[in-house]
Amino acid sequence: MTQSGDSVLVIAEVGSVHDGSFGNAVKLIELAAACGADAVKFQTHIAAAETLRDAPMPPYFKGEPRFEYFERTGFSLDQWKGLKAASVQAGVEFISSPFSNAAVELLEAVGVDRYKIPSGEVTNLPMLDAIGKTGKQVLLSSGMSNWAELDAAVAAIRKYHDNIVVLQCTSEYPCPDTRVGLNVIGEMMARWKLPAGYSDHTLDNHAAFAAVALGASMVEKHLTFSRRMYGSDALNAAEPAQFADLVKGIRAVSIMRGTPVNKDDLAAFADMKQIFEKSIISTCDIPAGAVITLDMVAMKKPGNGLPAARLGDVVGSVARRNIAVDRLISEDDIQYPA
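Residues numbered from 1 in each chain as written. Predicted model: local features only at pLDDT ≥ 70, side-chain atom pairs only at ≥ 80, totals over all residues. Heavy atoms only, no water.

Caption draft 1: Region of interest: the overall build of the chain. A tally of helices and strands in the chain yields 12 helices and 12 strands. The C-alpha atoms of the chain give 31 Å as radius of gyration, which overshoots the globular expectation for 338 residues (20 Å, by more than 25%). Oriented by its inertia axes, the alpha-carbon framework of the chain measures out at about 100 × 40 × 35 Å. Counting only residues that meet the buried cut, the chain has 47% of its 338 residues in that class. Surface accessibility of the chain: about 15800 Å² in total, with carbon and sulfur atoms responsible for 57%. When the 32 basic and 40 acidic side-chain charges of the chain are each reduced to a single mean position, those positions are 2 Å apart. (Helix = DSSP H or I, 4+ residues; strand = E, 2+ residues; numbered from the N terminus. Rg over C-alpha atoms; globule rule 2.2 N^0.38 Å. Buried < 20%, exposed > 50% of the residue type's maximum accessible area, 1.4 Å probe, protein only. Areas by Shrake-Rupley, 256 points an atom, 1.4 Å probe, with all protein chains shown as cover. Lys, Arg positive; Asp, Glu negative; His and termini not counted. Charge placed at Lys NZ, Arg CZ, Asp CG, Glu CD.)

Right under this line is the structure:
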């Protein structure tokens, strides 16, 4: 899909939800497209190139050793090319996160559309250098990095180009509301004069909607067939109905954000103002020449007479002619004392 105007790029993070099944990976691409995503994002792991066999497992997934997990769930070059082709067929962009220089080389052979730098690779400046050289857009996750580390990462890519989007992210699974860090989105845009996005690890869609309202140009969220699937990502991912609602909500917020309202332009409310606002009316017969006092008038609908805000002008004025009870008072009905 292509973006236009103020639209936000919605990325379905497939990650490792496919659990090494090429068929499941293709179905997840098709599911992402059906939910309205603009892009799918995978993780390109080459176990021998990125991790020692005895590397520790993350606290949120201890199903199997990391090396064995990456080796079992990885794809061949031909399979990666097949996933790129499936993405093109489904009408979504193909994005992936490399975890080694070897993975960057593989993704270049595949023809990845953009690169996502995962949180754990922000300080891997040699790999960022290799990615920067490709000239392709870089989505830089900030999940576990401080400002100094992010400054260095941005600078590493900026040696080659400025086509960077920095994503506010918190590397907690799931991420509680108190750790979302919506404030960082604006701070990122101000710091580097770059667009910012949001990578969502919460269990609902609220943070993503708020991020878009605050100016996020991209939103990424994990997608799964079911949270009961095996693996490191599924438990904290969005199921299809939630992801479809995410896209629907982001599109709506994007339209709201991109369509400013002029509060001084009241043309659309002309009829409504007459129906709902109040005018000044007479509460008794007022003879010509009488000085109008407060007990002679009141405020009632409709709003096509002298507005209620003019009450101070009407009280103390003089009736130019007889004014019948319960009638809108007009400018022609009164005159002001000299």
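Now that the structure has been shown, the text picks up again.
Caption draft 2: Fine view of the environment of S119. In this fold, S119 is placed in the loop between strand 4 (114-117) and helix 6 (125-134). Placed 56 residues apart in sequence, S119 and C175 show a C-alpha to C-alpha distance of 14 Å. Excluding its chain neighbours within four sequence positions, the residues that come into contact with S119 are S141, S142, G143, M144, S145, C169 and S171. (Contact = heavy atoms within 4.5 Å.)

Caption draft 3: Focus on helix 7 (residues 147-158). Compared with the 16 Å implied by 1.5 Å per residue over 12 residues, the 16 Å span of helix 7 between its first and last C-alpha is a close match. Turning to helix 7, its buried residues number three or more, namely L150, A153, V154, A156 and I157. One side of helix 7 carries all its buried residues, which in axial view fall inside an arc of 155°. Each element contacted by the buried residues of helix 7 is listed here: helix 6, strand 5 (138-141), strand 6 (164-168) and helix 8 (183-192). The distance from a side-chain oxygen at the start of helix 7 to the backbone nitrogen of A148 is 3.2 Å, and the residue carrying that oxygen is N146. (Expected span 1.5 Å × (residues − 1). Arc of directions from axis to C-beta. Polar contact = N/O pair within 3.5 Å; in protein donor to acceptor, adjacent residues only side chain to side chain.)

Caption draft 4: A look at a nonpolar patch on the surface. There is a patch of nonpolar side chains on the surface, built from L266, F269, M272, I275 and F276 and spanning about 510 Å² of accessible area. In this structure, I275 sits in helix 11 (residues 270-276). (Patch = residues over 30% accessible without salt bridge, like charges linked within 9 Å, V, L, I, M, F, W, Y side chains within 5 Å. Salt bridge = Lys/Arg side-chain N within 4 Å of Asp/Glu carboxyl O.)

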